[in-house]
Amino acid sequence: AQTVTQSQPEMSVQEAETVTLSCTYDTSESDYYLFWYKQPPSRQMILVIRQEAYKQQNATENRFSVNFQKAAKSFSLKISDSQLGDAAMYFCAYSNNFNKFYFGSGTKLNVKP
Amino acid sequence: DSGVTQTPKHLITATGQRVTLRCSPRSGDLSVYWYQQSLDQGLQFLIQYYNGEERAKGNILERFSAQQFPDLHSELNLSSLELGDSALYFCASSVQGANQPQHFGDGTRLSIL
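Residues numbered from 1 in each chain as written. Chains lettered and ligands numbered in written order. Predicted model: local features only at pLDDT ≥ 70, side-chain atom pairs only at ≥ 80, totals over all residues. Heavy atoms only, no water.

Draft legend 1. Main features of the pattern of salt bridges. Overall, the coordinates contain 8 salt bridges over all chains when judged by the stated rule. The shortest N-O distance in the salt bridge between Glu75 of chain B and Arg22 of chain B comes to 4.0 Å. Taken as a pair, Glu75 of chain B in strand β8 (residues 74–78) and Arg22 of chain B in strand β3 (residues 19–24) lie far apart in primary sequence, 53 residues in all. For Arg22 of chain B, a relative accessible area of 34% translates into the label partly exposed. Between Asp85 of chain B and Arg63 of chain B there is a salt bridge, with its nearest N and O atoms 2.8 Å apart. Note that Asp85 of chain B is positioned in the loop between β8 and β9 (87–94) and Arg63 of chain B in the loop between β6 (53–57) and β7 (64–68), a separation of 22 residues in sequence. One continuous salt-bridge network, built from bridges that share partners, spans Arg50, Glu52 and Lys55 of chain A. (Salt bridge = Lys/Arg side-chain N within 4 Å of Asp/Glu carboxyl O. Helix = DSSP H or I, 4+ residues; strand = E, 2+ residues; numbered from the N terminus. Buried < 20%, exposed > 50% of the residue type's maximum accessible area, 1.4 Å probe, protein only.)

What follows is the structure, encoded as structure tokens:
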């Protein structure tokens with residue numbers, strides 16, 4: 001069965017610094033999709049970034065980028081120039097062609113001014 | 001605003017009761033997903049519908065059922081409620097399937113007393 005593991009329950013970063021959140025997943029499939037979602041205290045779920053497994057190039061969205069290592073089944077999120085508004089829970093998610101989604105347990109990111 | 005509408009926002013009921021949660025997807029989206037988020041945990045995928053038909057099933061209890069109507073809105077029915085069913089229930093929608101970003105509603109907070 002597919003599982004998504006986020007080994008860092010909580011992390012802290014200084015404003016304007018860079019932080020990397022880790023995510024690993026377990027799958028026997030070759031075609032799948034990976035996502036990072038942000039959940040601020042308002043509890044809304046906001047898509048941060050998406051990566052297709054067949055693409056070797058790492059996805060980038062402004063200050064957010066991923067390091068996708070398919071062989072290692074690793075999908076980390078790098079946040080550059082951290083801002084106070086980045087403070088939130090971050091969830092890594094996996095989906096396959098059967099439309100099932102699996103979320104990690106989340107990493108709480110604190111941003112210090 | 002994601003364009004996904006969930007009602008009600010809050011629901012308080014007692015054990016043994018039955019409730020219905022409603023979701024209207026974003027305009028143009030054919031897929032609807034339901035998730036359960038218990039306190040301080042990740043999201044558990046429950047079920048997905050595409051254009052009125054069930055497409056994928058996750059960890060959904062037999063006491064729970066869902067459907068998607070011709071106008072594409074969806075309902076999640078929870079019966080014989082137990083204390084452990086207290087959670088935030090999210091609905092998300094996407095244009096089609098797993099490779100596309102999901103847009104989340106604000107959730108329904110269900111409290112079982």
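Draft legend 2. Representation of the confidence of the model for chain A within the structure. Put simply, chain A has an average pLDDT of 93, and 99% of its residues get 70 or more. Taken element by element, the predicted model of chain A shows its lowest mean pLDDT in strand β11 (residues 101–103) of chain A (88) and its highest in strand β3 (residues 19–21) of chain A (98). (pLDDT = per-residue confidence, 0-100.)

Draft legend 3. Focus on the interface of chain B and chain A. Contacts between chain B and chain A engage 22 residues on the former and 19 residues on the latter. Contact between chain B and chain A buries roughly 1,700 Å² in total, counting both sides, with carbon and sulfur atoms accounting for 55%. Counting every contact that joins chain B to chain A gives 0 salt bridges. Of all elements in the fold, only β4 (31–37), β5 (43–50), β6 and β9 of chain B reach the threshold of two or more residues within the side of chain B that touches chain A. The residue makeup of the side of chain B that touches chain A, split by class, is 10 nonpolar, 8 polar and 4 charged. (Contact = heavy atoms within 4.5 Å. Buried area = accessible area lost by both parts, 1.4 Å probe. Nonpolar A, V, L, I, M, F, W, Y, C, P; charged D, E, K, R; others polar.)

Draft legend 4. Focus on the state of the cysteines. All names here are of chain B. Across all of its chains, the model carries 2 disulfides over all chains by this definition. Across the disulfide from Cys23 sits Cys91; the S-S distance is 1.8 Å. On the S-S bond that ties Cys23 to Cys91, the torsion sits near -55 degrees, and the link is left-handed. Taken together, the positions of Cys23 in strand β3 and Cys91 in strand β9 put the pair 68 residues apart, joining distant regions of the chain. (Disulfide = S-S within 2.5 Å.)

Draft legend 5. Structural context of the pairing of β4 of chain B. Residues and elements named next belong to chain B. Within β4, 7 of the 7 residues are buried, which leaves the element mostly enclosed by the surrounding structure. Side-chain alternation along β4 places Ser31, Tyr33, Tyr35 and Gln37 on one buried face and Val32, Trp34 and Gln36 on a second face that is also buried. Hairpin remark: β4 followed by β5, antiparallel, with 5 residues in the connecting loop; positive phi at Asp40, about 55 degrees. In this sheet, β9 lies alongside β4 in antiparallel orientation, the contact comprising 7 bridges. Paired with Val32 across the strands is Ser93, a residue of β9. (Pairing = 2+ DSSP bridges.)

Draft legend 6. Molecular detail of the environment of Thr7 of chain B. Residues and elements named next belong to chain B. Looking at the secondary structure, you find Thr7 in strand β1 (residues 5–7). In this structure the C-alpha to C-alpha distance between Thr7 and Gly107, which are 100 residues apart in sequence, comes to 8.0 Å. The residues contacting Thr7, other than those within four sequence positions of it, are Leu21, Arg22 and Thr108.

Draft legend 7. Up close: the side chain of Asp86 of chain A. Residues and elements named next belong to chain A. Within the secondary structure, Asp86 sits in the loop between β9 (74–79) and β10 (88–96). Side-chain polar atoms of Asp86 contact the side chain of Arg63, separated by 2.8 Å. There is a polar contact of 2.8 Å between the side chain of Asp86 and the backbone nitrogen of Gln83. Contact partners of Asp86, with chain neighbours within four places excluded, come to Lys38, Arg63, Phe64, Ile79, Asp81, Leu109 and Val111. (Polar contact = N/O pair within 3.5 Å; in protein donor to acceptor, adjacent residues only side chain to side chain.)

Draft legend 8. Quick peek at the sheet that holds β8 of chain B. All names here are of chain B. The strand order β1-β3-β8-β7 describes an open sheet built from 4 strands, whose pairing is antiparallel. Only two strands of the sheet have a single partner each, and these edge strands are β1 and β7. In this sheet, adjacent strand axes meet at a mean angle of 15 degrees when their direction is disregarded. Bridge count between β7 and β8: 5 bridges; the pairing is antiparallel. Counted as the bridge partner of Phe64 is Leu78 from β8. (Axes fitted to C-alpha atoms, helices over the stretch in contact; angles between N-to-C directions.)

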